[in-house]
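Secondary and tertiary structure notes
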Amino acid sequence: MRISYNWLKDYCKHDLSVEALAEKLTNAGLVVDTINPVDDDFCLEVEVTTNRPDCQGFIGIAREVATIVRSKLVIPGVDYETTTEKVNDLTGVTIEDNELCPRYTARIIKDVKIAPSPEWLQKRINSIGLRPVNNIVDITNYVLMESGQPLHAFDFDKLSGKKIIVRRAKKGETMEAIDGSKCMLTDEMLVIADAQRPVAIAGIMGGRDTEVSDTTKNILLESAFFDPRNVRRTSRKLSLISDSSYRFERRVDPECVDWASRRAAKMILDIAGGQVVEGVIDQNYLEGKKVSVTLRMSRLNSLLGLNIDKDTAKGILERLQFTIKPEGETEDNLTVEVPSFRGDVYREVDLIEEVARIHGYDKIPAESNIRVKLTQDNIFDKVTEKTKSVISGLGFDEVITDSIVGELQEKHGNIWSDDSSIKIMNPIRQDENLLRKALVHNLLRVKKHNQNYGVEKTNIYELSKIYLPRGDGEMPEEKECLSILGEEGFLSLKGVIETILSQLNIVQKLETRRCDFGLFNPEKSAELKLGGKLLGYIGELSREVINDYDFRSKPCVAELDFDILIENTNLESSYHKIPSFPIVTRDLAVVSDETVTWAEIKGCIESLNIVYVDGIEFFDVYRGKQIEKGKKSIAFRLIFRADDRTLKSEEVDKLQEEILENLSNAFGIKLRA
Amino acid sequence: MQERLSEIQNQAKEDLAKAESLEEVEKIKTRYLGRKAGVINEIIKSIPGLPPEQRSSTGKSANILKKEIGKWIEERKSEFNTSSEASLTLPSLDLSLPGEHKPYGHKHPITQTIDEIKGIFRKLGFDIEYGPEVEHEYYNFDALNIPADHPSREDFDTFYLGNKRLLRSQTSTVQIRVMEKKQPPIRMIAPGKVFRPDTVDARHASMFHQIEGLMVDEGVSFSDLKYVLTLFAQSYFGQDIKMRFRPSFFPFTEPSAEIDISCSICKGTGCSVCSHSGWVEVLGAGMVDPNVFETVGYDAEKYTGFAFGLGVERLTMLKYGIDNIRLFFENDLRFLSQF
Ligand SMILES: [Zn+2]
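Residues numbered from 1 in each chain as written. Chains lettered and ligands numbered in written order. Predicted model: local features only at pLDDT ≥ 70, side-chain atom pairs only at ≥ 80, totals over all residues. Heavy atoms only, no water.

Some thoughts on the sheet that holds strand 30 (residues 613-622) of chain A
Residue and element names in this part refer to chain A.
- A sheet is described by the order of its strands in space; here 4 strands give the open sequence 30-31-29-32, paired in antiparallel fashion. Sheet topology places strand 30 and strand 32 (670-671) at the edges, where each strand pairs with a single neighbour.
- The sheet contact formed by strand 29 (residues 584-593) and strand 32 spans 2 bridges and is antiparallel. Within strand 32, the residue paired with Val 590 across the bridge is Leu 671.
- Packing of helix 19 (residues 598-607) onto the sheet brings it into contact with strand 30 and strand 31 (631-640), and relative to strand 30 it is tilted by some 155°.
- Relative to the sheet, helix 20 (residues 649-667) contacts strand 29, strand 30, strand 31 and strand 32, its axis offset from that of strand 29 by approximately 20°. (Pairing = 2+ DSSP bridges. Helix = DSSP H or I, 4+ residues; strand = E, 2+ residues; numbered from the N terminus. Contact = heavy atoms within 4.5 Å. Axes fitted to C-alpha atoms, helices over the stretch in contact; angles between N-to-C directions.)

Structure below.
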């Protein structure tokens, strides 16, 4: 809320400069965001947390200042003369819903003279950024700002039936508010009505028909307590926010309702003349139960890490207008009665906070006896960090994309689940209202974005969650996935995955099988398995996808189930003795049918279980002039080694012959001429 | 024609003797023996135009000369090869040429910030915990002492998925999940994504990252909170920063605090980053509310603890002076490659 530096001094004497005042308030939990000079005054913007509705008025903030600087809080007087006429003879109040309106008071002031406010009042209204209207409206605003209790003045003569009914609106009822907005009311909204129609939306805004105007003579002054939830809901529904609704939403002080009404009546008498009709109509359904709380000094000091004495705590609580109950005081204990404006305090720990914030958080030492302890290993973290380091090291940039996506993700086929995605009921944009079921589509969007800015090569990856539906209303399966987009072709991307596997010391073999997704080029895509379990998919994007995104390159993408990687990871590297004898290598080029795969050739050689074969390394595949149609030439290297000696050339020749013979028998493979 | 050949022989000998580098020898080789325009080849090509009696002898002589020059060139080359590596007087490489670059990938700046913060808290004995992003209302609100009518439960502050499911709006949910499973002592942080239907602008995104922290044991006090968070802030922002702990309000802590550090941009004199206050807010914290302990079945008389939370994007933006949160999720490589 906005407060004026000069005005605040009415309620609390202090010598603080405006900067010092702002600092004190901030350190007590009332953050001063800005200080703006206004004429010979300053306007301070104070951030009031939702638990402190008592600070929604000058008096509440003055109470804090008085507590901090140990000065006296000055509350203005509210005594005035009244007529002999009785308010009950002139009007009546009926509350039909006392849950939404547990207290309503009405006073009547007759024969007022509507005029502009005196200069001092206009200046104060201006000092907090409001505009003066007329004396009556300015006074109700002034008292609202002073006490935090909203008031409303009706033109009494315009109230049909001269009475007030507090009721829920009827379906289809409408009302034009003072600010000109036309409100369509529902039966969930509370209104103030006269005999015929709504004349105010309870706690939010009065109606235009009954507002105070230049010709107004008699006033009905409303001061009430409305249910915070209902005011908030109605205010949101109507998109109508006022200084009044702001305060009712946060809960006003039930005991201040009548005080504020008297304060305004007195000011009206003083400024606008007229007479206050004797008495008040006060329909009060609130329980005025007092809350008492006991504070143990030992608990306070151990929770805060302080060592303050009881008198210090007592002084702070007394200045904050808590009542100390002598009968509840022992050496360690203080028992206090909580004032009505502090609904947020009802437990010992709430009192501890009061003492702590006024005593000052800065006085609490930053010390600790925390014992030394080892952090527990977290496998997920370790594998994640390692994986990201490996991929980044291979030249890929990590991206983080939104979990909330649009329909597009399903357009080119699903990777992990065909069930329909989980829908967000209140999305920001209606076309982005689904929880993603795969990461890869987001990578395509990132590539597109970068391509638009002239970046042609986008080697990227993301390691994040996807959300797989598990049945209506059920919590989804949150699957951690690793998705990679590479620009160097299928085998290069497969190499990236193989590097990750080897760096994670995964010994299980990576198996590939052709797969068929709309997302992929059917010639260059595969399902990947690890240890018999589905690891994920890899493939070059299909023509359709490339066209849809208007890509100028042919990216390959892969998406892996990260949990499968974690399961198979071995974080401990193992050491093998470095061989003492050199290797012998043989580079071979063989010709085979197109149908024979490298995995088959390699598997065939491995199945011979020749102890001296230390490695089989693929070089390349060649098709062309010298090779018969339907055949291909495969070049690879055989590595031979023995543990106890250097192998002789003749021995290796024999082994090579054995291998070639087996390949020939199995697949009709011949050494290339 | 024989004279022409001996002329070439002498000239080649002379040229080779004068050559000062391997490159020059290569040039001489091309000049004399080049297949297209080499001097010797020119002569061989011209043989068919010679008188018949000269043709055979010229051919022979030319071939002999060709071999001879070839031999000289190889000899000269081997001389250079043995001396060139040591010889700095004969530079053949422009050392100012740029080196060849392998592509270098970067971890996302948000990952880097999270990793750094995890590293700091690991040193302080905090375990790293994770929780689901799709949550039950109970973990996001009820168990955190957030009343049924609290504004943060409304549609414009939380994404709802139906059947009491939601996208968590804070990582505080992990506190509850951990305390449900374990007994004190607890020392943990929980990094992760959170979601809020905020209007997207330079400071707000509908998805961002938070790190939640929790320490519970017998005798944990506000003093411990200040100690741990001071160590953290000094480690992350630098030893010379100033800190301010001021009272605030969160439903799941009491007393609550917000923690400001002196603005690193203006050094406390006031600038637009700190709204001219000299301070920037970096952490929310407080002593765990007894209601939260009651919910998870801890004895609130026996155990006390503190919790804290921070916004990862916010800290990253402060550290690098980034003025738009959207940059983190656009994933423009020109942005990502700067970290
Ligand atoms: Zn600054």
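After presenting the structure, the write-up continues.
Topic: the interface of chain A and chain B
- Between chain A and chain B, the residue contacts involve 80 residues of the former and 82 residues of the latter.
- Surface buried jointly by chain A and chain B totals about 6,800 Å² across both partners, of which 53% is contributed by carbon and sulfur atoms.
- Taken as a group, Tyr 361, Ile 400 and Asn 426 of chain A account for 11% of the area that chain A buries against chain B, more than any other trio of residues on that side.
- Viewed at the interface, chain B and chain A are joined by 9 salt bridges.
- Across the pair Arg 122 of chain B and Glu 385 of chain A runs a salt bridge whose closest N-O atoms are separated by 3.2 Å.
- Where chain A touches chain B, the interface holds 46 residue pairs in polar contact (both at pLDDT 80 or more).
- Of all elements in the fold, only helix 2 (18-27), helix 7 (228-238), helix 10 (297-304), helix 12 (348-359), helix 13 (379-393), strand 20 (397-398), helix 15 (440-452) and strand 23 (460-468) of chain A reach the threshold of two or more residues within the side of chain A that touches chain B.
- Top element by residues in the side of chain A that touches chain B is helix 13 of chain A. It accounts for 6 residues. (Buried area = accessible area lost by both parts, 1.4 Å probe. Salt bridge = Lys/Arg side-chain N within 4 Å of Asp/Glu carboxyl O. Polar contact = N/O pair within 3.5 Å; in protein donor to acceptor, adjacent residues only side chain to side chain.)

Quick word on the layout of surface pockets
Residues and elements named next belong to chain A.
- Empty space within the second largest pocket amounts to approximately 1,600 Å³.
- For the second largest pocket, the lining is made up of 36 residues, of which Leu 491, Lys 494, Thr 512, Trp 598 and Ala 599 are closest to its centre.
- Put simply, the parts of the chain that give the lining of the second largest pocket at least two residues each are helix 16 (490-503), strand 25 (510-514), strand 26 (520-530), helix 19, strand 30 and strand 31.
- Ranked by residue count, the leading element in the lining of the second largest pocket is helix 16, at 7 residues. (1 Å grid on protein atoms, 1.4 Å probe; cavity = no way out; pocket = protein on both sides within 12 Å on 5 of 7 lines; lining within 4 Å. Points joined across faces, edges and corners; volume = space filled by probe spheres on them.)

Topic: the pairing of strand 8 (residues 253-262) of chain B
Residues and elements named next belong to chain B.
- Along strand 8, 10 of the 10 residues are buried, which leaves the element largely enclosed by surrounding structure.
- Of the two faces of strand 8, the one carrying Thr 253, Pro 255, Ala 257, Ile 259 and Ile 261 and the one carrying Glu 254, Ser 256, Glu 258, Asp 260 and Ser 262 are both buried.
- Bridge count for strand 7 (residues 243-250) against strand 8 is 7 bridges, and the pairing is antiparallel. Residue pairing across strands places Arg 246 opposite Glu 258, the latter belonging to strand 8.
- Between the antiparallel neighbours strand 7 and strand 8 lie 2 residues.
- Pairing of strand 8 with strand 9 (residues 279-288) involves 8 bridges; the strand directions are antiparallel. Among the inter-strand pairings, Asp 260 is bridged to a residue of strand 9, identified as Glu 281. (Buried < 20%, exposed > 50% of the residue type's maximum accessible area, 1.4 Å probe, protein only.)

Details of the pattern of salt bridges
Residues and elements named next belong to chain A.
- Taken as a whole and assessed by the stated rule, the structure comprises 85 salt bridges over all chains.
- Between Asp 258 and Arg 107 there is a salt bridge, with the nearest N and O atoms lying 2.8 Å from each other. With Asp 258 in helix 9 (residues 257-272) and Arg 107 in strand 6 (residues 103-110), the pair connects residues that are 151 residues apart, well separated along the chain.
- In this structure Asp 258 comes out as buried when scored by relative accessible area, which is 14%.
- Between Lys 237 and Glu 188 there is a salt bridge, with the nearest N and O atoms lying 2.6 Å from each other. Remark: Glu 188 occurs in the loop between strand 10 (182-184) and strand 11 (190-193) and Lys 237 occurs in helix 7; sequence separation between them is 49 residues.

Thoughts on helix 10 of chain A
- Taken across its 8 residues, helix 10 of chain A has 6 buried, putting it largely inside the fold.
- Where helix 10 of chain A terminates, the next one or two residues include Gly 305 of chain A, which has phi positive at roughly 75°.

Describing the coordination of the zinc ion
All names here are of chain B.
- Distances from the zinc ion to its protein donors, Cys 263 (SG), Cys 266 (SG), Cys 271 (SG) and Cys 274 (SG), fall within 2.2 to 2.3 Å.
- Bound by 4 donor atoms, the zinc ion shows angles of 105 to 113° at the metal and therefore tetrahedral coordination geometry.
- Here the donor residues for the zinc ion map to a single chain with the spacing C-x2-C-x4-C-x2-C. No difference in accessibility class separates Cys 266 from Cys 274, as the two residues are buried. (Donors = N, O, S within 2.8 Å, 3.2 Å for Na, K, Ca; no water. Tetrahedral: all angles 85-135°; square planar, octahedral: opposite > 155°, others 65-115°.)

Describing empty space enclosed by the protein
- Counted under the stated rule, the structure contains 3 cavities of 30 Å³ or more.
- Considering the residues around the largest cavity, the lining is formed by 14 residues, among which Thr 49, Asn 51, Arg 52 and Arg 357 of chain A together with Ser 248 of chain B are closest to the centre.
- If you list the elements that add at least two residues to the lining of the largest cavity, you get helix 12 of chain A together with strand 7 of chain B.
- By residue class, the composition of the lining of the largest cavity is 4 nonpolar, 4 polar and 6 charged. (Nonpolar A, V, L, I, M, F, W, Y, C, P; charged D, E, K, R; others polar.)

What to know about the sheet that holds strand 8 of chain B
Residue and element names in this part refer to chain B.
- If you walk across this open sheet you meet the 7 strands as 1-5-6-10-9-8-7, and the pairing is mixed. Strands with a single pairing partner mark the edges of an open sheet, and in this sheet they are strand 1 (127-128) and strand 7.
- Relative to strand 10 (residues 303-311), strand 9 is paired through 4 bridges, and the arrangement is antiparallel. Looking at strand 10, one finds that Gly 286 is bridged to Ala 307.

Details of the packing of helix 8 (residues 222-237) of chain B against helix 10 (residues 312-320) of chain B
Residues and elements named next belong to chain B.
- Contact geometry of helix 8 with helix 10 gives a least axis separation of 12 Å together with a crossing angle of 45°. The pairing of helix 8 with helix 10 is recorded here as oblique in orientation. Contact with helix 8, carried on its side by Phe 232, Tyr 236 and Phe 237, involves Leu 315, Thr 316 and Lys 319 of helix 10 and no other residues of that element.
- Classifying every residue of the contact of helix 8 with helix 10 gives 4 nonpolar, 1 polar and 1 charged. (Parallel < 35°, antiparallel > 145°, perpendicular 65-115°, else oblique.)

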